[in-house]
Amino acid sequence: VHQIHNWNELQQWDFAWYNSIRENGYLYSAETYSNSGFFPFFSYTWRFLGVGPGGISLINALLFLSSLIIIVKALNINNRIALLFLSIPSIFFMYVPYTEAFFFFFSSLIIYGLVKKNYYLACIGFLFASMTRPTAIFFIPAIIIMEMLCFKSWKATFKNVILYSFFTLLGLLIVIII
């Protein structure tokens, strides 16, 4: 039986980039590869927590499970569908030292905040998700489409597009500054 306690197996692929940001911050070199293409929130949180690869993997697993519970509650998903989500092979990326669990957690806060009309929670999700992965830039067209599909008034639509886009862009600006 293969044992999971060999944490060296988690230290592959993009692990080195996130770990280099955790240990040394951003380093840029024009002559070689650099870690400047990776967003900082995951690595800096990992540094702050002071855990190794196994510890951050456990935290990622807990964040993923918490996120799934948040989405199940927000969208009233039944247990069979939730178990189906847990059986998808790509959830492997939710418990290795990568950003996916963090991004999923903040995205679940967005969904919960939107469904429950908790604008503060949604804005927190937009802010931190956009500091975690570069794909958050796609939130802006999604926000516009979402608001147009849920159209109630031009004033409310405009306010929500500006509010959610602001927090998404603020997170991206923080990344640029770092």
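Quick notes on the rules
Residues numbered from 1 in each chain as written. Predicted model: local features only at pLDDT ≥ 70, side-chain atom pairs only at ≥ 80, totals over all residues. Heavy atoms only, no water. Helix = DSSP H or I, 4+ residues; strand = E, 2+ residues; numbered from the N terminus. Buried < 20%, exposed > 50% of the residue type's maximum accessible area, 1.4 Å probe, protein only. Axes fitted to C-alpha atoms, helices over the stretch in contact; angles between N-to-C directions. Parallel < 35°, antiparallel > 145°, perpendicular 65-115°, else oblique. Left-handed = near helix turned anticlockwise from the far one by under 90°. Contact = heavy atoms within 4.5 Å. Nonpolar A, V, L, I, M, F, W, Y, C, P; charged D, E, K, R; others polar.

*Asks:* Can you walk me through unusual backbone geometry in this structure?
*Replies:* Negative phi is the rule for most residues except glycine; trans is the rule for most peptide bonds. In this structure, Asn76 takes a positive phi of about 50° despite not being glycine. Within the secondary structure layout, Asn76 lies in the loop between helix H3 (53–75) and helix H4 (79–86). Asn76 gets classed as exposed once you look at its relative accessible area, which sits at 70%. Positive phi values are uncommon outside glycine, yet Lys117 reaches one of about 55°. With respect to the secondary-structure elements, Lys117 resides in the loop between helix H5 (100–115) and helix H6 (119–130). The class of Lys117 is exposed, set by a relative accessible area of 55%.

*Asks:* Before we go on, may I ask you to explain the packing of helix H7 (residues 139–149) against helix H8 (residues 154–177) in this structure?
*Replies:* Packed helices, taken two at a time, are described by the angle between their axes plus the distance between the axes. At their nearest, the axes of H7 and H8 sit 9 Å apart, and the two run at 165° to each other. Taken together, H7 and H8 sit at an angle that is classed as roughly antiparallel. For H7 against H8, the interelement crossing comes out right-handed. On H8, the residues that touch Phe139, Ile140, Ile143, Ile144, Met146, Glu147 and Met148 of H7 are Trp154, Ala156, Thr157, Asn160, Val161, Tyr164, Ser165, Thr168 and Leu169. Of the residues that constitute the contact of H7 with H8, the class distribution is 11 nonpolar, four polar and one charged.

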